[in-house]
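# Coordinate inspection notes
If you want the building blocks of each chain, they are given just below.
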Amino acid sequence: MKITCPHCKSQDVVKRGFFQTATNGKQQRYYCKSCNKKFIEQTPFYRMRNSPNKITLCLDLFYKGVSTRQIQNHLQAFYPHNASWVSIYQWIVKYSKKISQFTSNLKLQVGKEMQIDEVEYKTKGKQSWFIDSIDTTTRFMVASNYVKSRGQNELKQVLKLAKKKTDNQIETITSDGFLAYSKAVNLAFGYYKIKRGEIKHKVVTQLKKEGFNIMIERMHNSLRQRTKTFRGFHGSIESANAIMRGFEIYYNFIRPHLALNGKTPSDLATDIKLSENNKWLELINLSNKKD
Ligand SMILES: [Zn+2]
């Protein structure tokens with residue numbers, strides 16, 4: 001990564017000593033020969049008043065199902081400078097987005113069948129949906145979106161993204177009998193490919209659903225458990241979406257999967273092999289390198 005001066009964007013910079021920060025330790029200091037100003041490198045935690053460990057601890061607790069207010073209580077008991085649940089919420093949104101920009105561009109090695117389904121959310125009488133698709137071989141959540149309605153367009157959007165990311169590896173798309181799927185699958189994967197049998201849309205009716213969709217249903221159960229504390233996603237649909245991106249990251253990269261012998265879906269579907277204990281921090285640092 002090339003170091004750029006934050007003041008004038010010049011790359012004509014040299015190292016000049018170190019700068020001690022309270023929360024991020026010793027940081028390399030630079031001197032810009034174009035504008036004669038000094039600066040420190042902007043790490044992912046630049047100008048954050050809290051340490052990377054504390055921030056990633058909050059992310060980890062949150063995706064394990066602890067509410068932002070409970071995390072705030074925890075910090076009050078164990079850290080001299082605590083943080084409010086609002087800051088915690090902002091960290092979750094900020095770093096989920098950051099990691100997602102990196103993970104959503106990874107090449108995937110998946111199997112031949114993908115399942116798609118939705119989870120309904122009701123908050124203060126308003127409906128919203130989390131639409132997601134999972135590769136049945138690696139259990140990797142290939143694509144997802146958090147939306148206000150589950151029409152054909154919203155389903156198509158998730159299917160198109162899944163198609164792009166799996167790059168011709170998928171031959172069967174399985175869904176329940178919800179009518180909008182048929183058209184959405186046609187639109188996303190191509191009517192003629194389906195007519196010629198190159199892509200198969202397998203529809204499973206409610207009666208059979210229990211056996212078939214067990215994989216995605218199980219994931220949804222754990223999703224519901226972890227998101228019951230979300231309390232209507234304070235703020236915009238955009239931040240709600242970032243929070244769900246974070247869940248996708250947690251599910252794909254962090255949580256060991258029992259059915260995969262303790263591996264994560266990303267161990268099987270991507271080239272990313274996380275080795276550090278703090279996987280959140282490892283992912284944030286990886287995503288920074290790719291900037
Ligand atoms: Zn400069």
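Since the structure is predicted, the reported quantities are computational estimates derived from the model, not experimental observations.

Now for the overall build of the protein chain. Assigned secondary structure in the protein chain consists of 11 helices and 8 strands. With the C-alpha coordinates of the protein chain rotated into their principal frame, the extents come out at 65 × 45 × 35 Å. In the protein chain, which comprises 291 residues, the proportion classed as buried is 32%. Within the protein chain, residue pairs in contact and separated by at least 24 positions form 57% of the contacts whose partners lie at least 6 positions apart.

Taken in spatial order, the 3 strands make up an open sheet running β1-β2-β3, and their pairing is antiparallel. Here the strands that pair on one side only, and so sit at the sheet edges, are β1 (13–21) and β3 (38–40). Geometrically, the sheet is characterised by an average inter-axis angle of 35 degrees between neighbouring strands, direction not taken into account. Summarising the sheet, strand β2 (residues 25–32) and β3 pair through 3 bridges and their orientation is antiparallel. By the bridge assignment, Y30 is partnered in β3 with F39.

It is worth spelling out the pairing of strand β4 (residues 113–123) at this point. Two faces, one strand: in a regular strand the side chains alternate between the faces of the sheet. Pairing analysis gives 3 bridges linking β4 to strand β7 (residues 172–176), with the strands arranged parallel. Bridge assignment links Q115 to a residue of β7, and that residue is T174. In this sheet, strand β5 (residues 126–135) lies alongside β4 in antiparallel orientation, the contact comprising 10 bridges. Looking at the pairing, Q115 lines up with I134 of β5. Here β4 hands over to β5 after 2 residues, with K124 in that stretch at a positive phi of 50 degrees.

A few words on the sheet that holds β4. Taking strand neighbours across the sheet as the criterion, the 5 strands line up as β6-β5-β4-β7-β8 in an open arrangement whose pairing is mixed. With partners counted over all chains shown, the strands left at the sheet margins are β6 (141–147) and β8 (200–204), one partner each. Between one strand and the next, the sheet's axes are offset by a mean angle of 20 degrees, whatever the strand orientation. Along the sheet face, helix α9 (residues 237–254) touches β5 and β6 and points at about 155 degrees away from the line of β6.

For the rest of this paragraph, the subject is the domain arrangement of the protein chain. In terms of domains, the protein chain is made up of domain 1 (1–42), domain 2 (46–106 + 274–291) and domain 3 (113–271). Once you take the C-alpha centre of each, domain 1 and domain 3 turn out to be 43 Å apart.

Further remarks concern unusual backbone geometry. Positive phi outside glycine occurs at R139, with the angle close to 65 degrees. By the element assignment, R139 lies in the loop between β5 and β6. Owing to 24 C-beta atoms within 10 Å, R139 belongs among the buried residues under this scheme.

Attention shifts here to the packing of helix α2 (residues 68–78) against helix α3 (residues 85–103). What describes two packed helices is the angle between their axes and the distance between those same axes. At a closest axis distance of 8 Å, the pairing of α2 and α3 adopts a crossing angle of 115 degrees. Every pair of crossing elements has a handedness; the one defined by α2 and α3 is right-handed. Contacts between α2 and α3 pair T68, R69, I71 and Q72 from the former with W85, I88 and Y89 from the latter. Looking at the contact of α2 with α3 residue by residue, the classes come out as 4 nonpolar, 2 polar and 1 charged.

Compared with the 16 Å implied by 1.5 Å per residue over 12 residues, the 17 Å span of helix α1 (residues 52–63) between its first and last C-alpha is a close match. Those residues of α1 that fall on the buried side of the exposure criterion are P52, I55, T56, L57, C58, L59, F62 and Y63. Once α1 finishes, G65 follows within two positions and takes phi at roughly 110 degrees, a positive value.

This part covers the nonpolar core. Membership of the largest hydrophobic core comes to 58 residues, with the highest contact counts inside it found for C58, L59, I92, V142 and L159. The dominant element in this core, judged by the number of residues it contributes, is α9, at 9 residues. Formed jointly, this core draws a minimum of three residues from each of two domains, domain 2 (46–106 + 274–291) and domain 3 (113–271). Setting aside its immediate chain neighbours within four residues, L59 contacts W91, I92, Y95, G246 and W280.

Calculation rules
- Note on numbering: residues in each chain are counted from 1, in written sequence order.
- In keeping with the model being predicted, local features are shown solely for residues with a pLDDT of at least 70 and side-chain atom pairs are shown and tallied solely at 80 or more, while totals for entire chains, interfaces and linings include all residues.
- Under the scheme used here, helices are H or I runs from DSSP no shorter than 4 residues and strands are E runs no shorter than 2 residues, and both carry numbers assigned from the N terminus.
- The exposure label follows from counting other C-beta atoms within 10 Å of a residue's C-beta, where the C-beta atoms are placed from the backbone and the thresholds are 20 or more for buried and 12 or fewer for exposed, leaving partly exposed in between.
- Distance between backbone-placed C-beta atoms decides contact: two residues are in contact if it is within 7 Å.
- Strands are labelled as partners when DSSP assigns at least two bridges between them.
- For every element, the axis is a line fit to its C-alpha atoms; helices are fit only across the contacting stretch, and the angle between N-to-C directions ranges from 0 to 180 degrees.
- Residue ranges for the domains trace back to a domain assignment, done automatically or taken from a database.
- Crossings are sorted by hand: turned counterclockwise from the far helix by less than a right angle, the near helix makes the crossing left-handed, and turned clockwise it makes it right-handed.
- Under the scheme applied, nonpolar residues are Ala, Val, Leu, Ile, Met, Phe, Trp, Tyr, Cys and Pro; charged residues are Asp, Glu, Lys and Arg; polar residues are all the others, including Gly.
- Expected span of a helix, by definition, is 1.5 Å for each gap between consecutive residues, and there is one gap fewer than residues.
- Only buried Ala, Val, Leu, Ile, Met, Phe, Trp, Tyr and Cys residues enter a nonpolar core, and they are joined through C-beta atoms within 7 Å.

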